[in-house]
Structures are given as C-alpha cells and as structure tokens.
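Here's the letter readout for the chains.
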Amino acid sequence: MKALALASFDVAAAVVDVPEPVAGAGEVLVRVHASSVNAFDVGVAGGFMKDFVPYEFPAVIGSDLAGTIETVGESVDGFSPGDRVFGMMGVKGAIHDGSFAELATPQAGSIAPAPGDLSDADAGSLGVAGSTATSATEAVGLVDGARVLIVGATGGVGTFAIQLATLRGAHVIASVKPGDEAFVTDLGAAETVDYTGDLVAAIRERYPDGIDAVIDAVNRDHDSFAALVGLIRAGGRATSVVGGAGEMSQIGEVSVSNSGGNPEHLPTLADLIVRGKLRVAIRRTYPLDEAAQALQDFRNEHTLGKLVITMT
C-alpha cells in the first residue's frame, strides 16, 4: 500500500510502498479515507520522538483517521467490517503504524462510529485536536461569563477550543498574529490579543484584577507557561496541551494541569458537528501523494486551522 513513511532517520519522510498492516488483538484494520496533520506528526517525521519511543522502520506517519473497517482483530467488540469510524491511532509500543496511508490499524478503544452526516474531512480532523480541546475546556472548568485566554488560538486545538469555550458561555480572548482577528472572531472569540507583542502585559492592562482561565497550546517551557498563569485570579485554572505544567498541579493560587486527547470525547464532537454547533476550520486539503508537502507546510507556514490529507 501507499503510505507516508520514514525509511530511516537519515531520509525525509516520503510516500512509498510499504507492507499492508494486519490488525492485532484489540485493533481494527481501516481503509483510510482522510486524516489531518498535527504537531505530533511533524515531530515523529523529524525523528524527535526517538528518545521517548522506539521507531520501527518503515515508520508510517499519522495520528488521526476516518475510514471504513475492513477486518476486526481479536478481543474487539462493538465494531464490524463495513463500519464507518473515526478517531486516533492510539498509543502503541513503537512508531511504526500510522494513518497517512491507504490502510491503518488503530486501537479499537481510540475510535468511534462516524455518523452518516459527518464528512470524511471533518471526521479525519477531530481526533487529536478536537478531543484535546475538549479535555482542555473541561480542565479549566469554564462557566457562563468566564474570561478565558486561549494561546495558540489559530491552530487545530485552538480553533476547536474557541468554539467549545464559547458554547459553554465563556468570554474568549484569542491570541493572534495581526491580520488573523476575523478568523478567530468568526469562530466565536469575543476579543483578540496580539501575540507578536507583549501578550502578558496587554492582558494585565486590560484585566488588572485577573482573568479566570488560560488554555495554552504553545508554551512547553515552565517559565512561559507560569507567566500566563500569573494573569489568572486566585482560584482560577490553567491548562497546557503541550506539557507546560510539567508535574505541577498548583502555581500560586491557580490550579494547573496538562491536557491531552481522549477518545471518550469523540461521539460528542461528532454530534456537535452534525448539529451545526461546531465546525472544522479546514485550511487546505492534500492528496496522499502530497502528504510530505502537507507536513512541510504545517512546519513552515503560519497555521490557520487544519491541514487535511485525503486517501480517496
């Protein structure tokens, strides 16, 4: 089958022929229709995960997927061949199986049935970013009128977080590059702040008594995350979707956490899309043959929304 894969750490990922995968215990074999690019995929393609998890070459790239089940592995209940599904590959013991391919073997616990009204492109974009954004909005406990700053608002997680926070009645402050204001306000942001300047100073000037929450999709280092936490009133909450909170659960009088993808959120996300309450901000779509270009564009261009890869 065709797949975007790494042959070694010395060669860039390319679309090549690789052996078709076989569904193991707890997995299903899916004919992939669509996927989308996440920051994790770019890191995998760059070999940056090798200190944390082994690579087995050829290592196929890709985390999200939407498609149709072809076969079901042992110990899998609730799915059958022909079922249309979407979600994520799940956590495996090595970098080897991915979804930027004609066939993929996600863990059954990391996918969900895809409603008929959910398009392949939307379904293939929801897994990592959508479920992470849901985890993040839940982590900061947003209530009606809460003022939440979303840093990294124009990316995949950020675009979902804006909408999910707005659905909870929150007042969303979105960090943007000048010129992107309309993009985030169209998604529901109440106001914007320029991240190319002193973002912390700008928020402190606007809200001297503090805001209620921060969702940070940018800062991995503790000091930068802590500076954002300093904008929050006592008793507020902050969460990082890139590990910025480290092992801490409290910074001063603010509760902090890290948030990640959770397949339990997939059915709710699909329902919101179908009911028109949530939308996927798709910037560009690529055929599988151009998957390497999609990774390059994600890495080198200013990200607005999702980059989708289609297999059919």
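For the structure itself, look to the data block above.
Just so it is clear, the structure is predicted and the values come from calculations on it, not from any experiment.

**Notes on the overall build of the chain**
Then comes step 1: The secondary structure content of the chain amounts to eight helices and 17 strands.
Then comes step 2: Its C-alpha atoms give the chain a radius of gyration of 19 Å, near enough to 20 Å, the size a compact globule of 312 residues would have.
Then comes step 3: Over its C-alpha atoms, taken along the principal directions, the chain stretches across nearly 60 × 45 × 35 Å.
Then comes step 4: A total of about 13,000 Å² of accessible surface is found on the chain, and carbon and sulfur atoms cover 49% of it.

**Quick look at the packing of aromatic side chains**
The way to describe two aromatic rings as a pair is by their centre distance and the angle between their planes.
Then comes step 1: Within this structure, the stated rule accounts for three aromatic pairs.
Then comes step 2: Judged by centre distance (5.1 Å) and plane angle (85 degrees), the rings of Phe9 and Phe57 are edge-to-face. Of this pair, Phe9 sits in the loop between strand 1 (2-6) and strand 2 (14-17) while Phe57 sits in the loop between helix 1 (39-45) and strand 4 (59-60), placing them 48 residues apart in sequence.
Then comes step 3: We classify Phe9 as partly exposed; its relative accessible area is 39%.
Then comes step 4: Exposure remark for Phe57: the relative accessible area of 34% places this residue in the partly exposed category.
Then comes step 5: A ring pair is formed by Tyr55 and Phe57, whose centres lie 6.1 Å apart and whose planes are at 35 degrees; its orientation type is tilted.
Then comes step 6: Joined through ring pairs, the aromatic side chains of Phe9, Tyr55 and Phe57 make up one cluster.
Then comes step 7: Of note, Lys50 hangs over the ring of Phe9, and the distance from its end group to the ring centre comes to 4.8 Å.

**Quick word on the pattern of salt bridges**
Then comes step 1: All chains considered together, the criterion is met by 14 salt bridges.
Then comes step 2: In this structure, the salt-bridge partner of Arg206 is Glu191, at a minimum N-O distance of 2.6 Å. Within this pair, whereas Arg206 is found in helix 5 (residues 199-206), its partner Glu191 is found in strand 11 (residues 191-194), the two being separated by 15 residues in sequence.
Then comes step 3: Under the relative-accessibility criterion, Arg206 is labelled partly exposed at 37%.
Then comes step 4: A residue is classified by how much of its surface remains accessible, and Glu191, at 16% relative accessible area, is buried.
Then comes step 5: Here the salt bridges share partners, and the residues they tie into one network are Arg283, Arg284, Asp297 and Glu301.

**Here's the deal with the sheet that holds strand 12 (residues 211-216)**
Then comes step 1: Read from one edge to the other, the open sheet built from seven strands follows the order 11-10-9-12-13-15-14, with strand pairing classed as mixed. Edge positions in the sheet fall to strand 11 and strand 14 (250-251), since each of these pairs with one other strand and no more.
Then comes step 2: Note that strand 9 (residues 147-151) and strand 12 share four bridges and pair parallel. Its bridge partner lying in strand 12, Leu149 is registered against Val214.

Reading guide: rules and limits
- Residues numbered from 1 in each chain as written.
- Predicted model: local features only at pLDDT ≥ 70, side-chain atom pairs only at ≥ 80, totals over all residues.
- Heavy atoms only, no water.
- Helix = DSSP H or I, 4+ residues; strand = E, 2+ residues; numbered from the N terminus.
- Rg over C-alpha atoms; globule rule 2.2 N^0.38 Å.
- Areas by Shrake-Rupley, 256 points an atom, 1.4 Å probe, with all protein chains shown as cover.
- Phe/Tyr/Trp six-rings, centres within 6.5 Å; stacked < 30°, edge-to-face > 60°.
- Buried < 20%, exposed > 50% of the residue type's maximum accessible area, 1.4 Å probe, protein only.
- Lys NZ or Arg CZ within 6 Å of the ring centre and 35° of its normal.
- Salt bridge = Lys/Arg side-chain N within 4 Å of Asp/Glu carboxyl O.
- Pairing = 2+ DSSP bridges.

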